[in-house]
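# Breakdown of the fold
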Amino acid sequence: MIPVNSVLQVGQFPEIMQLEIDKRLSTIKLLDPHGKAPDGSFAAILTRSNTQLPKELFEAMPSVRMVATCGVGYDNLPLDYLKDNGIKASNTPGVLNDAVCELAIGMLLGLLRRIPEAQDFVKSTAWSKSPFTITSTLAGKRVGIAGMGRIGQDLAKRLEPFKVKLAYTGPSRKELPYEYFSNIKSLAQACDILLLACPANAETEKMINAEVLDALGPKGYLINIARGSVVDEEALLVALQQKNIAGAALDVFENEPNPNFGFLNLDNVLLTPHIGSATSETRQLMTNLAIDNLEAFYNQKPLLTEVKN
Ligand code: DGY
């Protein structure tokens, strides 16, 4: 049992998630994580991966011993502070793989076949004047995945039927039937399409820089469903403007929800507003897994999906 009003809910939750929360919990809400912590002795925080929690929030509420974030990424949490103060954290891995992989494949195909422009072409009646541009096929391409965790591996399985050659990079080689590259530059060099599915952390920050984009080359495509921080956006803008790479499909940005304006007028991008997990089915599963973790914490049981910090 989770005691009434013992969980502080931080940040704005979409309606579908709030409905799930209200079915199972009675929470106190703090919309702005930088706002004044409400009075009360909260033992836990419930939040979302798009809400950056400052360490000051935890400092102001020493009663908090656990934070449950809805999302597989947990770069929104002040990990060092949590670790130093023995505060537990949970995330929601696994339940969002289907939705994230479906979006990644959709973006990949949309970018190569220029599906958004093709629709505009029909809707604007331009088709009656000339045929649509010839595009590029996925079959036969070499696809490199950066980050072969749960999502990366699910993506690879979904890509196999598309008749592509798969390769990957990550901190270590895995027992997988795909070629392994020990660094991102050599993977980019060997691939036509580079798909980012790695976590955001100090090792991956701005990992996709000018050198890696040069290695991907003028026929190469970049797909980012990971985090904006993994890409040096200034370098990517230059590469796209100068056609040093063929195109990019981006679901995530350094500055959300106000991405760098430079991306907005390019014709070799496909942009979506961080919707990898944004299906009603997935958001319900994520919310319930986060609450299951809260329940485990209150029942003094091991967390189901603890962030090993
Ligand atoms: C995650 O789970 O980290 C996603 O980015 C949230 O949509």
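Residues numbered from 1 in each chain as written. Predicted model: local features only at pLDDT ≥ 70, side-chain atom pairs only at ≥ 80, totals over all residues. Heavy atoms only, no water.

## Description of the environment of R158
Where we set the bar: Each helix is a run of H or I in the DSSP string that is no shorter than four residues. Each strand is a run of E no shorter than two, and both are numbered from the N terminus. Throughout, a contact is declared for two residues whenever any of their heavy atoms are within 4.5 Å.
Mapped onto the secondary structure, R158 falls in helix α6 (residues 150-159). When near neighbours in sequence (up to four residues on either side) are disregarded, R158 contacts D98, C101 and I105.

## Description of the layout of surface pockets
Which entries qualify depends on this criterion: The pocket and cavity definitions rest on a 1 Å grid over protein atoms only: a 1.4 Å probe that fits but cannot leave marks a cavity, an open set with protein on both sides within 12 Å along at least five of seven lines marks a pocket, and residues lining either have an atom within 4 Å of a point. Grid points are joined across faces, edges and corners, and a volume is the space filled by probe spheres set on the points.
Estimated volume of the second largest pocket: approximately 210 Å³. Lining of the second largest pocket is provided by 19 residues; of these, L111, R114, Y221, A246 and N268 occupy positions nearest its centre. Listing elements by their share of the lining of the second largest pocket, those giving two or more residues are α4 (97-113), α5 (115-123) and β12 (269-271).

## Here we look at the packing of aromatic side chains
Filter applied, for reference: Here is the rule: rings of Phe, Tyr and Trp (six-membered ring for Trp) pair when centre to centre is within 6.5 Å. Planes less than 30 degrees apart are stacked, more than 60 are edge-to-face, and the remainder are tilted. Note on exposure labels: buried denotes an accessible area under 20% of the residue type's maximum, exposed denotes more than 50%, and partly exposed covers the range between, all computed with a 1.4 Å probe on protein chains only.
Taken as a whole and judged by the stated rule, the model has 5 aromatic pairs. With 5.2 Å between their ring centres and 80° between their planes, F297 and Y298 make a pair best called edge-to-face. No difference in accessibility class separates F297 from Y298, as the two residues are buried.

## Focus on the site of the ligand
Note the following rule: Being near a molecule or strand, for a residue, means having at least one of its heavy atoms within 4 Å of it. As used in this structure description, the phrase polar contact means that two N or O atoms lie within 3.5 Å; if the pair is within protein, one of them must be able to donate a hydrogen and the other to accept it, and residues adjacent in sequence are counted only when both atoms belong to side chains. Note on areas: Shrake-Rupley, 1.4 Å probe, and residue coverage restricted to the protein chains presented here. Under the grouping applied here, Gly and all other residues not named as nonpolar or charged are polar, the nonpolar ones being Ala, Val, Leu, Ile, Met, Phe, Trp, Tyr, Cys and Pro and the charged ones Asp, Glu, Lys and Arg.
In the neighbourhood of the ligand, the contacting residues comprise S49, G71, V72, G73, L96, R227, H274, S277 and R283. Between the ligand and the protein, one listed contact pairs an oxygen atom with a backbone N or O atom of G73 at 2.9 Å. Expressed as a share of its isolated accessible area of 230 Å², the protein-covered part of the ligand is 91%. Class assignment for the residues of the shell around the ligand results in 2 nonpolar, 5 polar and 2 charged.

## Concerning a nonpolar patch on the surface
This is how the line gets drawn: Patches here are clusters of residues that have more than 30% relative accessible area and form no salt bridge, with a 9 Å joining cutoff for like charges and a 5 Å cutoff for nonpolar side chains (Val, Leu, Ile, Met, Phe, Trp, Tyr). What counts as a salt bridge is simple: a side-chain nitrogen of Lys or Arg found within 4 Å of a carboxyl oxygen of Asp or Glu.
Where nonpolar side chains cluster on the molecular surface, the patch consists of F261, L264 and L271 and spans about 310 Å² of accessible area. The residue L264 is located in the loop between β11 (247-250) and β12 in this model. Here L264 falls in the partly exposed class, since its relative accessible area comes to 43%.

## Describing the packing of helix α1 (residues 15-24) against helix α10 (residues 280-298)
Convention followed: Each axis is a line fitted through C-alpha atoms, taken for helices only over the stretch in contact, and angles between the N-to-C directions span 0 to 180 degrees. By convention, the crossing between two helices is left-handed when the near helix turns anticlockwise from the far helix through less than a right angle, and right-handed when the turn is clockwise.
Two elements in contact, α1 and α10, have axes whose closest approach is 9 Å; the angle formed by their N-to-C orientations is 35°. For α1 against α10, the interelement crossing comes out right-handed. Together, I16, M17, E20, I21 and R24 of α1 and S280, R283, Q284, T287, N288, I291, D292 and E295 of α10 make up the contact between the two elements. Here the contact of α1 with α10 is composed, by residue class, of 4 nonpolar, 4 polar and 5 charged.

## Quick look at the environment of N183
With respect to the element layout, N183 can be found in the loop between β8 (179-181) and α7 (184-190). In this structure N183 comes out as partly exposed when scored by relative accessible area, which is 36%. For N183 and A146, which are 37 residues apart along the polypeptide, the C-alpha to C-alpha distance reads 9.2 Å.

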